[in-house]
Amino acid sequence: MCNTSKMKGDAIMFGKKVKNEMLTLGDLVEGLPIPQSSDVSIKLTPGALTITGSGQEFEIDSSKLTLVDLKSDVEMEKIIQQSAPGMIIGAVTFGVIGAMIGGRVKTKEKRVVNHFLLVSYQSDELKTIVIDVTKDWYNAASLVDYFRKLNPTYAKVNKVSL
């Protein structure tokens, strides 16, 4: 027995709320006829995936979805720093040699991780939408898990014999 609650998208089953939709936010990278870097919201329900952004709404029927996945891109940035205060303190304390040692160039590496939501669907041909969900990657991962729960055939790994 499933009673519908007053909240949109929720149902009460066995005394617990069961969500019927997942929502995440991101910035469009490519795949829709709106400007790149537009803020978009992505909502997945059992019937469709809806992307809203720049005053437009795009709906893809769940039967046309072929892939909803999260991919990560790791970049290593090198940051070069020169310590001006170290140079001044070194010069005052030990003269020219102290300035060279105190002001030496230091290199740090910074790791930057970007997360992208990939949505592939079949219309006339296979099309893909790419959305940067770095700021909301946790909800995007939940959306992908929800897609796999709705479509268990996509969660299975295909075994290929060589």
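Residues numbered from 1 in each chain as written. Predicted model: local features only at pLDDT ≥ 70, side-chain atom pairs only at ≥ 80, totals over all residues. Heavy atoms only, no water.

Moving on, we get to the confidence of the model for the protein. Summing up the model confidence of the protein, the mean pLDDT is 80 and the portion of residues at 70 or higher is 78%. Confidence over residues 11–17 falls short of pLDDT 50; this stretch has 14 contacts with residues more than four positions distant or in other chains. (pLDDT = per-residue confidence, 0-100. Contact = heavy atoms within 4.5 Å.)

Of note, Ile42 is situated in strand β5 (residues 39–44). Exposure remark for Ile42: the relative accessible area of 0% places this residue in the buried category. It is 8.9 Å that separates the C-alpha atoms of Ile42 and Leu143, two residues lying 101 residues apart in sequence. The residues touching Ile42, leaving out its near neighbours within four places in the chain, are Met22, Leu23, Thr24, Leu25, Gly26, Leu49, Thr50, Ile51, Leu117, Ile131 and Leu143. (Helix = DSSP H or I, 4+ residues; strand = E, 2+ residues; numbered from the N terminus. Buried < 20%, exposed > 50% of the residue type's maximum accessible area, 1.4 Å probe, protein only.)

Another aspect to go through is helix α2 (residues 137–150). With 14 residues, α2 should reach 20 Å at 1.5 Å per residue; the first-to-last C-alpha distance of 20 Å fits that figure. Along α2, the positions that sit buried rather than exposed are Ala140, Leu143, Val144, Tyr146 and Phe147. The buried side chains of α2 occupy one side of the element, clustering within an arc of 160° when seen end-on. Exposed residues lying more than 90 degrees from the buried face of α2 are Tyr138 and Lys149. (Expected span 1.5 Å × (residues − 1). Arc of directions from axis to C-beta.)

Here we come to the nonpolar core. Counting residues in hydrophobic clusters, the biggest one holds 25 residues, and the most contacted among them are Ile42, Leu49, Ile51, Leu65, Leu117, Ile129 and Ile131. Elements represented by at least two residues in this core include exactly β4 (22–30), β5, β6 (48–53), β7 (56–61), β8 (65–82), β9 (105–122), β10 (126–132) and α2. Here this core gets five residues from one element, more than from any other, and that element is α2. Non-local contacts of Ile129, meaning those with residues more than four positions away in its chain, are made with Leu28, Glu30, Gly31, Leu32, Ile51, Ile60, Leu117, Leu118, Val119 and Tyr121. (Core = buried A, V, L, I, M, F, W, Y, C linked by side-chain atoms within 4.5 Å.)

Attention shifts here to the packing of aromatic side chains. Scanning the entire structure with this criterion turns up one aromatic pair. Between the aromatic rings of Trp137 and Tyr138, the centroid separation amounts to 6.0 Å while the plane-to-plane angle is 80°, which identifies the pairing as edge-to-face. (Phe/Tyr/Trp six-rings, centres within 6.5 Å; stacked < 30°, edge-to-face > 60°.)

This paragraph deals with helix α1 (residues 84–102). Since the α-helix turns once every 3.6 residues, residues separated by three or four places project in the same direction. Look at α1: only 8 Å from first C-alpha to last across 19 residues, short of the 27 Å you get at 1.5 Å a residue. The largest bend in α1 amounts to roughly 155° and is located at Phe94. When α1 is considered as a whole, its buried residues turn out to be Gly86, Gly90, Gly98, Ala99 and Gly102. (Bend = angle between axes of the 7 residues up to and from the residue.)

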